[in-house]
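If you want the building blocks of each chain, they are given just below.
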Amino acid sequence: MSTESTVGWMDWLQLAAPFVAVGFGVVVYKLQKAEDRRHEALLERRKTYCEFIDATSRFGHDKLYDESERNMLKVEVFRIYQHVLLTSPKPVVEAAKLFVQSLLHTRGESTSASKELEKEGGDIIWKKRRALISEMRRDLALEAKALPDFPLEEKERQDQ
């Protein structure tokens, strides 16, 4: 009788093994797909962040351009800013918002944060840019140990 119960148990094990393997495969597949989506989103944010910093840098030097080019730069900055708002975590969104407000404030355009920005004084664009890049690097898991500090310190900018 004990032999029959052992044989029955082994038969069930043989029947269950493929189902367990398929179940395990489905779980691993779903986990890998989730990781692939996370990685793809990270790459998309990295691209958006680079485009945003590039566009705002050109916008910051808008005196080099004529009026129509300045308007196109502003449109480009706000187009990419919308992507930042759509794809980024809250700390990056908040830092981007303050950075854009500081850019507009220094261009003489009134924003909801103009009074607060006036109180800060100094080089507010660089302060807000530094905070934004810090948040972007944190989001992309690029800590300061891996990359040099950016943007340049005040003294280094004056030397250039």
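Refer to the structure above for everything that follows.
Just so we're clear, the structure is a prediction, and the values are computed from it rather than from any experiment.

Asks: What is the right way to look at the packing of aromatic side chains in this model?
Replies: Aromatic ring pairs: the centre-centre distance and the angle between the two ring planes describe each pair. Overall, the coordinates contain three aromatic pairs when judged by the stated rule. Relative to Phe99, the ring of Phe52 has its centre 6.4 Å away and its plane inclined at 75°; by these criteria the two rings are edge-to-face. Residue Phe52 is found in helix H1 (residues 2–60), and its partner Phe99 is found in helix H3 (residues 90–106); the two are separated by 47 residues along the sequence. Judged by its relative accessible area of 0%, Phe52 is buried. For Phe99, a relative accessible area of 1% puts it in the buried group. Seen from their ring centres, Phe78 and Tyr81 are 6.2 Å apart, and the 90° between their planes marks the pair as edge-to-face. Taken together, the residues span about one helical turn, with Phe78 and Tyr81 both in helix H2 (residues 67–87) at a distance of three residues. On the accessibility criterion, Phe78 (27% relative accessible area) is partly exposed. Taken together, Phe52, Phe78, Tyr81 and Phe99 form an aromatic cluster joined through their ring pairs.

Asks: Sorry if this is basic, but what is going on with the packing of H3 against helix H5 (residues 124–139) here?
Replies: Axis angle and axis distance: for two packed helices, these are the angle between their axes and the distance between the axes, and together they describe the pair. Between H3 and H5, the least distance of the axes is 9 Å, while the angle of their chain directions is 160°. As summarised for this structure, H3 and H5 are arranged roughly antiparallel, according to the angle between their axes. With respect to the hand of their crossing, H3 and H5 are arranged in left-handed fashion. Contacts from Pro91, Val92, Ala95, Ala96, Leu98, Phe99, Ser102, Leu103, His105 and Thr106 of H3 reach H5 at Ile124, Ile125, Lys128, Arg129, Ala131, Leu132, Glu135, Met136 and Asp139.

Asks: How should a negative patch on the surface be read in this particular structure?
Replies: Negative charge collects at one region of the surface, where Asp36, Glu40, Glu44 and Glu51 lie side by side. Checked against the element boundaries, Asp36 lands in helix H1. Looking at Asp36, the relative accessible area reads 37%, which means it is partly exposed.

Asks: How do you make sense of the packing of H2 against H3 when you look at a structure like this?
Replies: Two elements in contact, H2 and H3, have axes separated by 10 Å at closest approach and are oriented at 165°. Of the possible angle classes, the one that applies to H2 and H3 is roughly antiparallel. Considering how the two elements wind past one another, H2 and H3 form a crossing that is left-handed. Where H2 approaches H3, its residues Lys74, Phe78, Tyr81, Val84 and Leu85 are matched on the opposing element by Val92, Val93, Ala96, Lys97, Val100 and Leu104.

Asks: Could you clarify how one ought to interpret the side chain of Thr48 in this entry?
Replies: For Thr48, the position within the fold is in helix H1. Setting aside anything within four residues of it in sequence, one finds Thr48 in contact with Ile80, His83 and Val84.

Asks: Sorry, what's going on with H5 here?
Replies: Working note: α-helix, 3.6 residues per turn, so residues spaced by three or four point in the same direction. Look at H5: 22 Å from first C-alpha to last across 16 residues, which is about the 22 Å you get at 1.5 Å a residue. Taken residue by residue, H5 has Ile124, Ile125, Lys128, Arg129, Leu132, Ile133, Met136, Arg137 and Asp139 as its buried positions. Phi for Ala141, located one or two positions after H5, is positive at around 65°.

So, how was this worked out
Residues numbered from 1 in each chain as written. Predicted model: local features only at pLDDT ≥ 70, side-chain atom pairs only at ≥ 80, totals over all residues. Heavy atoms only, no water. Phe/Tyr/Trp six-rings, centres within 6.5 Å; stacked < 30°, edge-to-face > 60°. Helix = DSSP H or I, 4+ residues; strand = E, 2+ residues; numbered from the N terminus. Buried < 20%, exposed > 50% of the residue type's maximum accessible area, 1.4 Å probe, protein only. Axes fitted to C-alpha atoms, helices over the stretch in contact; angles between N-to-C directions. Parallel < 35°, antiparallel > 145°, perpendicular 65-115°, else oblique. Left-handed = near helix turned anticlockwise from the far one by under 90°. Contact = heavy atoms within 4.5 Å. Patch = residues over 30% accessible without salt bridge, like charges linked within 9 Å, V, L, I, M, F, W, Y side chains within 5 Å. Areas by Shrake-Rupley, 256 points an atom, 1.4 Å probe, with all protein chains shown as cover. Salt bridge = Lys/Arg side-chain N within 4 Å of Asp/Glu carboxyl O. Lys, Arg positive; Asp, Glu negative; His and termini not counted. Charge placed at Lys NZ, Arg CZ, Asp CG, Glu CD. Expected span 1.5 Å × (residues − 1).

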